[in-house]
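# Chain and residue survey
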Amino acid sequence: MTREIVLDTETTGFDPKTGDRLIEVGCIELVDLLPTGRTFHRLVNPERLIPPDAIRVHGITDDKVRDAPRFAAIVDDLMAFIGDAPVIAHNAQFDRNFIDHECGRCGQPLLAETRWIDTLQLAQKRFPGMANSLDALCKRFKISLVDRALHGALIDARLLAEVYLELRGGKERVLDLSSRREGLAAAAHTAAGGHAARPRPLTPRLRPEEVEAHTLFLQATLKDISLWAAYGVEIHPAPV
């Protein structure tokens with residue numbers, strides 16, 4: 001099974017080098033392209049005021065993050081959730097810049113660049129010359145945006161998880177993975193000498209008189225009935 005983490009952030013602006021800070025991070029765990037239900041979500045105190053333009057995008061105000069923990073207080077939990085999985089983000093360089101900046105401020109090792117998967121680049125290869133924002137991809141793949149009045153790290157990560165599934169081959173790919181896993185499990189079970197029970201027993205097709213005639217034939221013909229006994233068929237030797 002393949003474990004991946006879809007990540008999204010909200011920030012005070014566009015560039016941590018000019019003083020912008022991370023204010024929200026949301027992660028979704030995927031196994032074989034499907035969400036497992038495990039998530040990570042935190043608001044973060046940016047230690048600065050949030051510009052009005054940024055608030056209009058994500059709706060996160062100074063009041064909402066005033067009592068939130070600083071990034072240094074959540075980074076261990078975040079990295080534990082990510083583990084050694086690849087990290088998927090849309091326009092990944094943006095999120096990576098902020099995650100790296102915050103990790104650098106608190107002395108946390110950075111995630112290797114090779115671990116980041118950029119869905120924007122995947123979309124640009126598949127749809128060259130077309131609009132490939134997260135909104136545009138959701139509309140192209142008919143993914144509902146009805147619950148998304150504003151940007152938010154966790155809701156955007158959920159949407160991106162659906163987009164990523166489509167970019168990787170869609171629901172047909174997941175069905176193929178599921179069938180493959182079931183086939184491997186069945187093969188392993190058979191190799192181990194196991195036999196799965198039928199979900200519904202077969203209906204006997206022999207009539208009682210046929211069973212009786214067969215039993216009489218075996219009694220009169222066979223001297224050794226151990227073979228049939230191994231299959232659970234009780235045959236008593238014919239009287240001498």
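It should be noted that the structure appears before, not after, this text.
The present account deals with the structure reproduced in this document.

## Some thoughts on the nonpolar core
Counting residues in hydrophobic clusters, the biggest one holds 23 residues, and the most contacted among them are Val25, Cys27, Phe71, Leu78, Ile82 and Trp116. For this core, the secondary structure elements donating two or more residues are strand E1 (3-11), strand E2 (22-31), helix H3 (71-82), strand E4 (87-89) and helix H4 (92-105). Ile28, Ala123, Leu137 and Leu160 belong to the second-largest nonpolar core, a separate cluster that totals 21 residues.

## Comments concerning the packing of H3 against H4
At a minimum axis distance of 10 Å, the contact between H3 and H4 shows a crossing angle of 115°. Along this stretch, H3 crosses H4, giving a crossing that reads as left-handed. Each of Phe71, Val75, Leu78 and Met79 in H3 lies in contact with H4, whose residues at this interface are Ile99, Glu102 and Cys103. Across the contact of H3 with H4, the residue classes tally to 6 nonpolar, no polar and 1 charged.

## Quick word on the side chain of Gln108
For Gln108, the location among the structural elements is in the loop between H4 and strand E5 (116-118). You can call Gln108 buried: its relative accessible area is 19%. What Gln108 contacts, discounting residues up to four positions off in sequence, is Val75, Asp76, Met79 and Cys103.

## Let's talk about the sheet that holds E2
Strand order in the open sheet formed by 5 strands is E3-E2-E1-E4-E5, with mixed pairing between adjacent strands. Edge positions in the sheet fall to strand E3 (34-43) and E5, since each of these pairs with one other strand and no more. The sheet shows a mean angle of 25° between the axes of neighbouring strands, taken without regard to direction. For E4 and E5, the ladder comprises 3 bridges, and the chain directions are parallel. Looking across to E5, one finds that Ile88 is bridged to Ile117. Helix-sheet contacts for H4 involve E1, E2, E4 and E5, and the interaxial angle to E1 is about 80°. Along the sheet face, helix H5 (residues 119-126) touches E4 and E5 and points at about 40° away from the line of E5.

## As for the pairing of E1
For E1, the buried fraction is high: 8 of the 9 residues fall into the buried class. Strand direction decides the pairing type here: E1 and E2, joined by 9 bridges, are antiparallel. Bridging across to E2, Leu7 finds its partner in Cys27. Direction of pairing for E1 relative to E4: parallel, over a ladder of 2 bridges.

Parameters at a glance
Residues numbered from 1 in each chain as written. Predicted model: local features only at pLDDT ≥ 70, side-chain atom pairs only at ≥ 80, totals over all residues. Heavy atoms only, no water. Core = buried A, V, L, I, M, F, W, Y, C linked by side-chain atoms within 4.5 Å. Buried < 20%, exposed > 50% of the residue type's maximum accessible area, 1.4 Å probe, protein only. Helix = DSSP H or I, 4+ residues; strand = E, 2+ residues; numbered from the N terminus. Axes fitted to C-alpha atoms, helices over the stretch in contact; angles between N-to-C directions. Left-handed = near helix turned anticlockwise from the far one by under 90°. Contact = heavy atoms within 4.5 Å. Nonpolar A, V, L, I, M, F, W, Y, C, P; charged D, E, K, R; others polar. Pairing = 2+ DSSP bridges.

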